[in-house]
Amino acid sequence: MTPSKQTEKQTFSGTKPLLRVLQGERLARPPFWLMRQAGRYLPEYRELRSKARDFLDLCFRPDMAAEVTLQPLRRFGMDAAILFSDILVIPYALGQKVEFQEGRGPVLEPISSVDDLAVFDEEKFHQKLSPVYETVNRVRESLDEKTALIGFAGSPWTVATYMVEGGTSRDFAKIKTWAYGDPDGFEKLINLLVDSTTQYLSAQIDHGAEVIQLFDSWAGVLSEPFFRRFVLAPNREIIRRLRQKTTAVPIIAFPRGAGTLYPEFARECGAQAIGLDTTVPTLWAAEEIQKICPVQGNLDPIALVAGGDMMRRELDEILQNLSNGPHIFNLGHGIVPQTPIEHVEELVRILREG
Ligand code: 1CP
């Protein structure tokens, strides 16, 4: 495996603002979208959600999932739609039991060895995920010429945390005990996730995804050598394989919590852009990351809940500090359910009009 030390030159030519920035162009008004832009802060989402049997049912009904994907765009006119699905459809398609319980979040039957999963069956895997591919198709068909479609997946480490812990975790004790105590055994799970995630993303591209985002939401909980092995290396390998397939689809990697390892990650992972989490100082990022590749981020989602002058100040600072290079505006993590819609409207007004 040859690590790409530098971001490759793009061979695609996009006229959509998001694609232009991903090619390295700086736009006076950065394009924007919001992580988790579809979801419970929208009344129209809550209404559709109540009609689905459960959350996975919503993800696997292309008519509903496509509608939910488009809802935030109708209100706010983002520069991108992001496929409505979840990172946990991968463990589900690998045969693990996955449920989303009301008020509790995801619950999985935890695994402690890769042998707890059935042998990878490519055909079954794609069959289970085919409704997601159909959603990608439908959304792409209904977007205008300015709006890009982002497909996504969780990165192996982050998806593995849910598979091993059985859900959300506070200390990641189970998965770290495994990863630190038996790294070669644990790597088998990571490799399975590299293979299956690459296939999943490759199918999303075949069905019309124009950009891919890899969410490594729990990248920040590992010590340095294990960050390199289980965060940097798997992201790099997925990106390398996808770039072998096509150089026309740019990839955004989001190693949330990577801290001072952000620049190394940006240099070595091969992604076309890097998502900054809320804690990354933007002046530092302008020097240390934006000179390597375009950056995306990073307003604190809770600043969007607080709103008012505080939000405007934070927003101005981010826009100012990242204005000398290619920047995609986003939050530093997903939007939260209690976000007032008027605050999002105000944010969009400032982004569009200054
Ligand atoms: O009841 C509901 O409506 C469920 C809430 C919900 C939603 C709206 C979940 C459960 N997933 C989603 C959709 C989702 N998840 C999207 C849709 C596209 C969008 O509009 O952005 C995306 C991109 C995700 C990705 C996702 N799921 C991540 C990575 C991003 C992040 O926020 O860090 C993670 C960690 C998940 C797991 C997950 N799924 C759902 C919840 C509540 C969680 C997080 C649990 C936790 O905090 O550990």
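Structure first, text after, so check above.
Residues numbered from 1 in each chain as written. Predicted model: local features only at pLDDT ≥ 70, side-chain atom pairs only at ≥ 80, totals over all residues. Heavy atoms only, no water.

Another aspect to go through is the overall build of the protein. Looking only at helices and strands, one finds 15 helices and nine strands in the protein. Here the C-alpha radius of gyration of the protein, 19 Å, is about what a compact globule of 354 residues would show, namely 20 Å. The principal-axis extents of the C-alpha atoms in the protein amount to approximately 55 × 45 × 40 Å. Taking all 354 residues of the protein together, 60% fall into the buried category. Expressed as a percentage of contacts within the protein between residues at least 6 apart in sequence, the contacts between residues at least 24 apart total 74%. Roughly 14,900 Å² of accessible area belongs to the protein as shown, and the carbon and sulfur atoms make up 47% of that amount. The positive charge centre, built from 40 side chains, and the negative charge centre, built from 47, are 1 Å apart in the protein. (Helix = DSSP H or I, 4+ residues; strand = E, 2+ residues; numbered from the N terminus. Rg over C-alpha atoms; globule rule 2.2 N^0.38 Å. Buried < 20%, exposed > 50% of the residue type's maximum accessible area, 1.4 Å probe, protein only. Contact = heavy atoms within 4.5 Å. Areas by Shrake-Rupley, 256 points an atom, 1.4 Å probe, with all protein chains shown as cover. Lys, Arg positive; Asp, Glu negative; His and termini not counted. Charge placed at Lys NZ, Arg CZ, Asp CG, Glu CD.)

Note that threonine 177 resides in helix H8 (residues 173-181). Given a relative accessible area of 58%, threonine 177 falls into the exposed group. Note: C-alpha distance between threonine 177 and valine 139 (38 residues apart in sequence) is 41 Å. Here alanine 173 takes part through its backbone oxygen, which lies 2.5 Å from a polar atom of the side chain of threonine 177. (Polar contact = N/O pair within 3.5 Å; in protein donor to acceptor, adjacent residues only side chain to side chain.)

Another aspect to go through is the packing of aromatic side chains. Scanning all chains against the criterion turns up 15 aromatic pairs. The interplanar angle of 40 degrees and the centroid separation of 5.3 Å between the aromatic rings of phenylalanine 60 and tyrosine 92 together place this pair among those described as tilted. Of this pair, phenylalanine 60 sits in the loop between helix H3 (55-59) and helix H4 (62-76) while tyrosine 92 sits in helix H5 (residues 89-93), and the two are 32 residues apart along the sequence. Given the relative accessible area of 16%, phenylalanine 60 is considered buried. The partly exposed category is assigned to tyrosine 92, whose relative accessible area is 27%. These aromatic residues form a ring-pair network of at least three members: Trp157, Trp178, Tyr180, Phe186, Phe226 and Phe230. Against the face of tryptophan 218 rests arginine 256, its NZ or CZ located 4.8 Å from the ring centre. (Phe/Tyr/Trp six-rings, centres within 6.5 Å; stacked < 30°, edge-to-face > 60°. Lys NZ or Arg CZ within 6 Å of the ring centre and 35° of its normal.)

On to the pattern of salt bridges, then. The full count for this structure, using the stated rule, is 26 salt bridges. For aspartate 57, the salt bridge identified is with arginine 53, shortest N-O distance 3.9 Å. Judged by relative accessible area, which is 68%, arginine 53 ranks as exposed. Among the charged side chains, a network of salt bridges with common partners joins Asp309, Arg312, Glu346, Arg349 and Glu353. (Salt bridge = Lys/Arg side-chain N within 4 Å of Asp/Glu carboxyl O.)

So, about the packing of helix H6 (residues 122-142) against helix H9 (residues 183-206). It is at 10 Å that the axes of H6 and H9 come closest, and there the two elements cross at 35 degrees. Of the two elements, H6 crosses H9, and the hand of that crossing is right-handed. In contact with Glu122, Phe125, His126, Leu129, Val132, Tyr133 and Val136 of H6, H9 contributes Ser196, Gln199, Tyr200, Ala203 and Gln204. (Axes fitted to C-alpha atoms, helices over the stretch in contact; angles between N-to-C directions. Left-handed = near helix turned anticlockwise from the far one by under 90°.)

All right, on to the nonpolar core then. If you look at the biggest cluster of nonpolar residues, it comprises 130 residues, and the most contacted ones within it are Phe186, Leu189, Tyr200 and Ile274. The greatest single-element share of this core, amounting to ten residues, is contributed by H9. Among all residues touching tyrosine 200, those that are not within four sequence positions of it are Leu83, Ser85, Val89, Ile90, Phe125, His126, Leu129, Val132, Tyr133, Phe152 and Ala153. (Core = buried A, V, L, I, M, F, W, Y, C linked by side-chain atoms within 4.5 Å.)

This paragraph deals with H8. Along an α-helix, residues three or four positions apart point the same way, because every turn accommodates 3.6 residues. For H8, the full list of buried residues reads Ile175, Trp178 and Ala179. Down the axis of H8, the smallest arc covering the buried residues is 95 degrees, so these residues share one side. Facing away from the buried side of H8 by over 90 degrees, the exposed positions are Thr177 and Gly181. Elements that come into contact with the buried residues of H8 comprise helix H7 (156-165), H9 and helix H10 (224-245). (Arc of directions from axis to C-beta.)

Following the sequence through the fold, serine 196 ends up in helix H9. On the accessibility criterion, serine 196 (0% relative accessible area) is buried.

A sheet is described by the order of its strands in space; here seven strands give the open sequence E1-E4-E5-E6-E7-E8-E9, paired in parallel fashion. Every interior strand has two partners, whereas the edge strands, strand E1 (80-82) and strand E9 (327-331), have only one. Shown here is a sheet whose adjacent strand axes are inclined to one another by a mean of 25 degrees, direction ignored. Two elements, strand E8 (residues 295-299) and E9, share five bridges in a ladder whose sense is parallel. The residue bridging glycine 297 from the neighbouring strand is phenylalanine 329, located in E9. Its contacts with the sheet place helix H14 (residues 308-321) against E8 and E9, and it is angled at close to 160 degrees to E8. (Pairing = 2+ DSSP bridges.)

In strand E2 (residues 98-101), alternate side chains face the same way, and those of Val98 and Phe100 are buried while those of Glu99 and Gln101 on the opposite face are not. Pairing geometry for E2 and strand E3 (residues 105-108), over four bridges, is antiparallel. Of the residues in E3, the one forming a bridge with glutamine 101 is glycine 105. In textbook terms, the turn of a hairpin is the stretch between consecutive antiparallel strands, and for E2 and E3 this stretch comprises three residues, one of which, glycine 103, has a positive phi near 75 degrees.

Lining the immediate environment of the ligand, one finds 22 residues, of which Arg36, Tyr45, Asp86, Tyr162 and Ser217 sit closest. At a separation of 2.9 Å, an oxygen atom of the ligand approaches a polar side-chain atom of arginine 49. Tyrosine 162 is positioned such that a nitrogen or oxygen atom in its side chain is 2.5 Å from an oxygen atom of the ligand. Here the ligand loses 88% of its free accessible area of 890 Å² to cover by the protein chains. (Near = heavy atom within 4 Å.)

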